[in-house]
Amino acid sequence: MVDRVDRFDRKDFPQVFIYGPQGDEQGAAEDLARKLADLDITAPLVVKSTFGEALGARIKTPLPHVVPVPQANQEWAATLGSRTRRSGADAIIAIGGGRCLDVAKLAAARAGVTVVAVPTQLSHDGICSPVAVVPAQGACGESIGAIAPRMVYLSIPTLLSSPLEAVRAGLGDLVANPLALRDWALAADRGLESIDRRAWDLSVESFDSIEGYLAADVAESAGDARFLMRLADGLVLSGMAMVCAGNSRPASGGEHEISHAIDHLFGGRALHGAQVAFGCLISTELYGGDTQGFRARLAQLGLPQHPSDLSLSEDDMVKILLAAPYMRPGRFTVLEDTDLDEGGCRALLERIWD
Ligand SMILES: [Zn+2]
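If you're wondering where the values come from, they're calculated on a predicted model, not measured in any experiment.

Caption draft 1: Examining the packing of helix 7 (residues 177–189) against helix 8 (residues 197–211) more closely. At a minimum axis distance of 9 Å, the contact between helix 7 and helix 8 shows a crossing angle of 155°. It follows from the interaxial angle that helix 7 and helix 8 lie roughly antiparallel. Both helix 7 and helix 8 take part in a crossing whose hand is left-handed. Contacts between helix 7 and helix 8 involve Asn177, Pro178, Leu181, Trp184 and Ala185 on the former and, on the latter, Ala199, Trp200, Ser203, Val204, Ser206 and Phe207. Residue composition of the contact of helix 7 with helix 8, by class: 8 nonpolar, 3 polar and no charged.

So, in structure tokens, the structure goes:
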């Protein structure tokens, strides 16, 4: 019943286990506890959200489990890191959504212990990446270099009951990959970066794993274990691409800068993957692609395809477009290449949405 994804035999890649599709969450909880024992993890600090309750129930540890506060930020993660170290924990096991996994990665980096990621939803490709998106105090999400998990454990019975919005966002994060690669190639063309071929191929493979589902009904797909395994595979591969490249380049270009600008200026209007998918419209248009076809695809996937879907006005969009190139200094994408001024922004918006 347990599939080992053992294509990734490099020691710097996380070990990935997928439990299911047969079996139930209790079986997954027992299996997860066994896997941790196999790794000689005997005194982990378990950090779990309420969705992770059942999966974490069988883990043996002398330490009490920790539930992240809803607004867990970098400071919270740092405190968790020193607490981990003082308690003598030999690993952090994070069971929950994106924020839970991200603060755990950061805390583990601080404590100098390994981290095991057990996502309870498939909403973005940070699952096994070395990057954590955690807000600083009083601010919004910031990508920080942390450590990649030593092991990623995916329980299909758990994921089958995750929110539909998360599934849509997971697909949204992956539709960005071809554009992120195009941006990477553009930067390489300008002599600013070199392409890591293996990372590139992993990112391509990641998109390929879900491409066949982009025309399907997401609500139906979300209840299909085979689809969830493909989505999990895609998100894991995308994370591996980033591990391989040593940064987020293979999966993050101009469309991610747009999403970061939305977070920065407006505090986030949707899940990361949903905002990223929306950002793809800008890159697609700037590359002269089939923007209206892309819009139709997003609409069909239930992802934002118009600024109004994110409660953004035309003026808001201009601010976002002007701010986006400043979100990630040093990353050259089609946005930096186009170097839009206000008039250019308005003309672009008109081309896409009028
Ligand atoms: Zn992303």
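Caption draft 2: Fine view of the environment of glycine 253. With respect to the helices and strands, the residue glycine 253 is situated in the loop between helix 10 (225–245) and helix 11 (254–266). Judged by relative accessible area, which is 0%, glycine 253 ranks as buried. When the C-alpha positions of glycine 253 and leucine 181 are compared, they lie 7.6 Å apart, and in sequence the two are 72 residues distant. Ignoring anything within four residues of it in the chain, the contact list for glycine 253 reads Ala180, Asp183 and Thr333.

Caption draft 3: Spotlight on helix 13 (residues 291–301). Taken residue by residue, helix 13 has Thr291, Phe294, Arg295, Leu298 and Leu301 as its buried positions. Viewed along the axis of helix 13, the buried residues span an arc of 130°, placing them on a single side of the element. At its buried positions, helix 13 is contacted by helix 6 (164–175), helix 9 (218–221), helix 12 (272–286) and helix 16 (342–353). Of the residues trailing helix 13, glycine 302 is marked for its positive phi of about 75°.

Reading the values: rules and limits
Residues numbered from 1 in each chain as written. Predicted model: local features only at pLDDT ≥ 70, side-chain atom pairs only at ≥ 80, totals over all residues. Heavy atoms only, no water. Axes fitted to C-alpha atoms, helices over the stretch in contact; angles between N-to-C directions. Helix = DSSP H or I, 4+ residues; strand = E, 2+ residues; numbered from the N terminus. Parallel < 35°, antiparallel > 145°, perpendicular 65-115°, else oblique. Left-handed = near helix turned anticlockwise from the far one by under 90°. Contact = heavy atoms within 4.5 Å. Nonpolar A, V, L, I, M, F, W, Y, C, P; charged D, E, K, R; others polar. Buried < 20%, exposed > 50% of the residue type's maximum accessible area, 1.4 Å probe, protein only. Arc of directions from axis to C-beta.

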